[in-house]
Amino acid sequence: MITATKVMELQCSECSKTYDAAFEQHLCICGRPLVVRYDLKRAAATLTLENLSKRVRTLWRYREVLPPGDPVTLGEGMTPLVHAARLGASMRLQRLYVKDEGLNPTGSFKARGMTAAVTRAKQLGAKALAAPTAGNAGGALAAYAAAAGIPAVIVMPADTPASNVMECQAFGAKVVKLNGLISDCGKYVAERKDREGWYDVSTLKEPYRVEGKKTMGYELWEEFGGKLPDVILYPTGGGVGLIGMCKAFDEMQEMGWIGAARPRMVAVQAEGCAPIVKAWEAHRDAAEFFPNAATIASGLRVPGPLGDLMMLRMLRQTKGTALTVRDAEMLQAGRELASLEGIFAAPEGAATVIGARKLVASGWIKPEETVVLFNTGTGYKYAEAWQRALQA
Ligand SMILES: *Cc1c(COP(=O)(O)O)cnc(C)c1O
Ligand SMILES: [Zn+2]
């Protein structure tokens, strides 16, 4: 049994101040997220394609670059990478792939973040876990908290899809519904966590959800046989997936697996909530709070993401871009993805189909390029949205 590589330290994503990873840490004193640094030299010695071929088929196969602790796992990760030949042909792409994250426990890639965060929280002795959610993060936290035997408090907007509420209740979590957005739910947790003794698992307010989500980048590398695609389209809300994958690519370069070239990262947002796209188009380094956020893609309804500086920097560094998709387009693309490829996607995932088509049309994506769309969640949890679309 190989023991996990030690986390060396936590480092601020903006001011570079470092913190001891042996203790519970949340944000930097400057208010920005902390990122995990490992001994990558040591990790590279055992984390090889050959060794990986013999390992457990969950994301814990990358344990050298994951937080230490006895994993709280439900079999997350190693999702299918589907060659979407028919959908690809409809937009003149021969190498179009869909990474289907809907097959994770609780039906979304939020499971990746939560397996890592809850594993670490448990090891640090957390007594209760709390998080705001726009939808799928709540269900994932509730499930992993149940698996860890730790109580969970989930705070969500009152109009969150019904299946997200029901799953949290079934997993035994305490559900608080607020008339507001995820940003209001985040404030609710922040105001009460010290008094109530909650460990705050909010997006980027603890360092380990990014670690779980970055494994999407490691999986792509493994699935493409030690290579990476040219373009990755990712439906962006809080930005943990985008930030995580870019962190994974930096780690891979440091381990000598890849060079300086990167897949061009594309942040796809909903027209009704697009703080990153707005900042990107205005060539700004930071995003502004997006007023009156509204979209059926509940995972994208994040008006004031804490990781805005990191996301915008990563889009620039990878020569990526950012664009919006309308709700009606997502629903239309969802039917296309389902009927052409057999994948019933969340509207967030379907949005990437539209994103790819627009970028092929504008010439930003070339027909010979390898393109990966992230379907971040299953369509089965969005009954209300699909009912409207399919009856129309
Ligand atoms: C949370 C969520 C997103 C956004 O993910 P981030 O990594 O926070 O940007 C996208 N799609 C679905 C289905 C989600 O649940
Ligand atoms: Zn700082």
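Refer to the structure above for everything that follows.
Residues numbered from 1 in each chain as written. Chains lettered and ligands numbered in written order. Predicted model: local features only at pLDDT ≥ 70, side-chain atom pairs only at ≥ 80, totals over all residues. Heavy atoms only, no water.

Undergrad: Mind showing me how you'd approach the overall build of the chain here?
TA: When its secondary structure is counted, the chain shows 15 helices and 13 strands. In terms of overall size, the chain behaves like a compact globule, its C-alpha atoms giving a radius of gyration of 19 Å where 392 residues would be expected to give roughly 21 Å. In terms of its C-alpha atoms, the chain occupies a principal-axis envelope of roughly 50 × 50 × 40 Å. Buried positions account for 61% of the 392 residues belonging to the chain. Total accessible area on the chain stands at roughly 15200 Å², and carbon and sulfur atoms take up 52% of it. Considering the chain, the positive charge centre built from 47 side chains and the negative charge centre built from 40 side chains are found 1 Å apart. (Helix = DSSP H or I, 4+ residues; strand = E, 2+ residues; numbered from the N terminus. Rg over C-alpha atoms; globule rule 2.2 N^0.38 Å. Buried < 20%, exposed > 50% of the residue type's maximum accessible area, 1.4 Å probe, protein only. Areas by Shrake-Rupley, 256 points an atom, 1.4 Å probe, with all protein chains shown as cover. Lys, Arg positive; Asp, Glu negative; His and termini not counted. Charge placed at Lys NZ, Arg CZ, Asp CG, Glu CD.)

Undergrad: Just to check I follow, could you spell out the packing of helix α13 (residues 327–341) against helix α14 (residues 347–361) for this structure?
TA: Helices that pack against each other are described as a pair by the angle of their axes relative to one another and the distance between those axes. One way to put it is that α13 packs onto α14 with a least axis distance of 8 Å and a crossing angle of 90°. It follows that α13 is roughly perpendicular to α14 by the angle criterion. When α13 is examined against α14, the residues E329, M330, A333, G334, E336 and L337 are found in contact with a partner set consisting of P347, A350, A351, V353, I354, R357 and K358. Looking at side-chain class alone, the contact of α13 with α14 contains eight nonpolar, one polar and four charged residues. (Axes fitted to C-alpha atoms, helices over the stretch in contact; angles between N-to-C directions. Parallel < 35°, antiparallel > 145°, perpendicular 65-115°, else oblique. Contact = heavy atoms within 4.5 Å. Nonpolar A, V, L, I, M, F, W, Y, C, P; charged D, E, K, R; others polar.)

Undergrad: Before we go on, may I ask you to explain the sheet that holds strand β6 (residues 129–132) in this structure?
TA: Sheets are built from strands that pair by backbone hydrogen bonding, the pairs being arranged parallel or antiparallel. Judged by pairing direction, the sheet is parallel, and its four strands sit side by side in the order β8-β7-β6-β9 without closing on themselves. Edge positions in the sheet fall to β8 (174–178) and β9 (199–200), since each of these pairs with one other strand and no more. (Pairing = 2+ DSSP bridges.)

Undergrad: Hey, could you run me through the site of ligand 1 in this one?
TA: Around ligand 1 sit 18 residues, and of these K110, Y234, G237, G239 and T376 come closest. The side chain of K110 places a nitrogen or oxygen atom 2.8 Å from an oxygen atom of ligand 1. In the complex, 97% of the free accessible area of ligand 1, which totals 390 Å², lies under the protein chains. Mapping ligand 1 onto the cavity grids shows that it belongs to the largest pocket. When residues of the shell around ligand 1 are traced back to their parent elements, those giving at least two are β10 (231–235) and α10 (240–254). (Near = heavy atom within 4 Å. Polar contact = N/O pair within 3.5 Å; in protein donor to acceptor, adjacent residues only side chain to side chain. 1 Å grid on protein atoms, 1.4 Å probe; cavity = no way out; pocket = protein on both sides within 12 Å on 5 of 7 lines; lining within 4 Å. Sits in = over half its atoms within 2 Å of the grid points.)

Undergrad: Quick question: what am I supposed to make of α13 here?
TA: Helical periodicity: at 3.6 residues per turn, an α-helix aligns residues three or four positions apart in one direction. The end-to-end C-alpha separation of α13 is 21 Å, in line with the 21 Å expected for 15 residues at 1.5 Å each. Residues of α13 that are buried include every one of E329, M330, L331, A333, G334, E336, L337 and E341, and no others. Downstream of α13 by one or two residues, G342 has phi in the positive range, about 75°. (Expected span 1.5 Å × (residues − 1).)

Undergrad: Looking at this model, I keep getting lost on the packing of α10 against helix α12 (residues 308–317). Mind explaining?
TA: Between α10 and α12, the shortest axis-to-axis distance is 10 Å and the interhelical angle comes to 55°. As far as their axial angle goes, α12 and α10 are oblique. Between α10 and α12 the crossing geometry is left-handed. Facing α10, whose interface residues are L242, I243 and C246, α12 presents M310, M311, M314 and L315. Of the residues that constitute the contact of α10 with α12, the class distribution is seven nonpolar, no polar and no charged. (Left-handed = near helix turned anticlockwise from the far one by under 90°.)

Undergrad: What is the right way to look at the pattern of salt bridges in this model?
TA: Side-chain pairs of opposite charge can arise where the charged atoms are in close proximity. Within this structure, the stated rule accounts for 23 salt bridges. With its nearest N and O atoms 3.7 Å apart, the salt bridge here joins E329 to R326. Looking at E329, the relative accessible area reads 17%, which means it is buried. Residue class for R326 comes out partly exposed when judged on its relative accessible area of 41%. The structure contains a network of salt bridges with shared partners spanning K99, E101, R112, E219 and E223. (Salt bridge = Lys/Arg side-chain N within 4 Å of Asp/Glu carboxyl O.)

Undergrad: Quick question: what am I supposed to make of the coordination of the zinc ion (ligand 2) here?
TA: Between any two of four tetrahedral donors, the ideal angle at the metal is 109.5 degrees; between two of six octahedral donors, it is 90 or 180 degrees. Distances from the zinc ion (ligand 2) to its protein donors, C12 (SG), C15 (SG), C28 (SG) and C30 (SG), fall within 2.3 Å. Viewed at the metal, the four donor atoms of the zinc ion (ligand 2) are separated by angles of 103 to 124°, and the geometry they form is tetrahedral. When the donors of the zinc ion (ligand 2) are listed by position in the chain, the intervening gaps give C-x2-C-x12-C-x1-C. Of this pair, C12 sits in strand β1 (residues 7–12) while C28 sits in the loop between β2 (18–19) and β3 (34–38), and the two are 16 residues apart along the sequence. Here C12 falls in the buried class, since its relative accessible area comes to 3%. On the accessibility criterion, C28 (4% relative accessible area) is buried. (Donors = N, O, S within 2.8 Å, 3.2 Å for Na, K, Ca; no water. Tetrahedral: all angles 85-135°; square planar, octahedral: opposite > 155°, others 65-115°.)

Remember that the coordinates give geometry; whether it matters functionally is a separate question.
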